[in-house]
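One-letter residues, chain by chain:
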Amino acid sequence: MRPPMKLQVGDVVELRKPHACGGKVWRIIRVGADIGALCLTCQRYVLLPRSRFESRIKRFMDQGGPVTDPSVEKCA
Ligand SMILES: [Zn+2]
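Here, residues in each chain are numbered from 1, in the same order as that chain's written sequence. pLDDT decides what is reported in this predicted model: residues at 70 or higher carry local features, side-chain atom pairs at 80 or more are listed and counted, and totals for whole chains, interfaces and linings draw on all residues regardless.

J.: Help me out: how do you make sense of unusual backbone geometry in this one?
T.: Most of the time, phi is negative for any residue but glycine, and the peptide bond is trans. The backbone of Gln 43 shows a phi angle near 65°, a positive value even though the residue is not glycine. The helix and strand labels rest on DSSP assignments: H or I over at least four residues marks a helix, E over at least two residues marks a strand, and numbering proceeds from the N terminus. Here Gln 43 shows up in the loop between β3 (34-39) and β4 (45-49). Among the residues examined, Gln 43 registers 10 C-beta atoms within 10 Å and is labelled exposed. Three classes are used. A residue is buried when 20 or more other C-beta atoms lie within 10 Å of its own, exposed when 12 or fewer do, and partly exposed in between, with C-beta atoms placed from the backbone.

J.: Any chance you could explain the nonpolar core here in plain terms?
T.: The nonpolar side chains of a soluble globular protein tend to be buried with one another. In terms of nonpolar packing, the biggest core is built from eight residues, these being Leu 7, Val 13, Trp 26, Ile 28, Ile 35, Ala 37, Cys 39 and Phe 53. If you list the elements that add at least two residues to this core, you get β2 (25-30) and β3. In terms of residue count, the dominant contributor to this core is β3 (three residues). Working definition of a contact: two residues with C-beta atoms, positioned from the backbone, lying within 7 Å. Once residues within four sequence positions are removed from consideration, Ile 35 is found in contact with Leu 7, Ile 28, Arg 30, Leu 48, Arg 50 and Phe 53. Any nonpolar core is a set of buried residues, restricted to Ala, Val, Leu, Ile, Met, Phe, Trp, Tyr and Cys, that join up through C-beta atoms within 7 Å.

J.: What am I meant to see in the confidence of the model for the protein here?
T.: Any segment with low pLDDT has predicted coordinates that should not be analysed in fine detail. Values of pLDDT, ranging from 0 to 100, describe the predictor's confidence in every residue of the model. This prediction gives the protein a mean pLDDT of 86; 78% of its residues lie at or above 70. When the elements of the protein are averaged for pLDDT, helix α2 (residues 70-73) gives the smallest value, 53, and β3 the largest, 97.

J.: Just checking my understanding: could you explain the environment of Pro 49 for this structure?
T.: Position of Pro 49 among the secondary structure elements: in strand β4. Spatially, the C-alpha atoms of Pro 49 and Gly 32 are 8.7 Å apart, while their sequence positions differ by 17 residues.

Shown next, in the form of structure tokens:
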């Protein structure tokens, strides 16, 4: 079993199959039952069912969201 993917808005991923424009790198714009992603090559936006999108991911290139340092997370 593969571990569940933690997709976040702002993540940049490389997909296995190239887009129609030839680009493979996408930025995640929306996360939910469907994943909205922007092709960084042609700037087109697509919406795909989450399971389908996840199965197409080859690798993460960049983790989005706010960059939090675990060591400073607990500042009570
Ligand atoms: Zn494209």
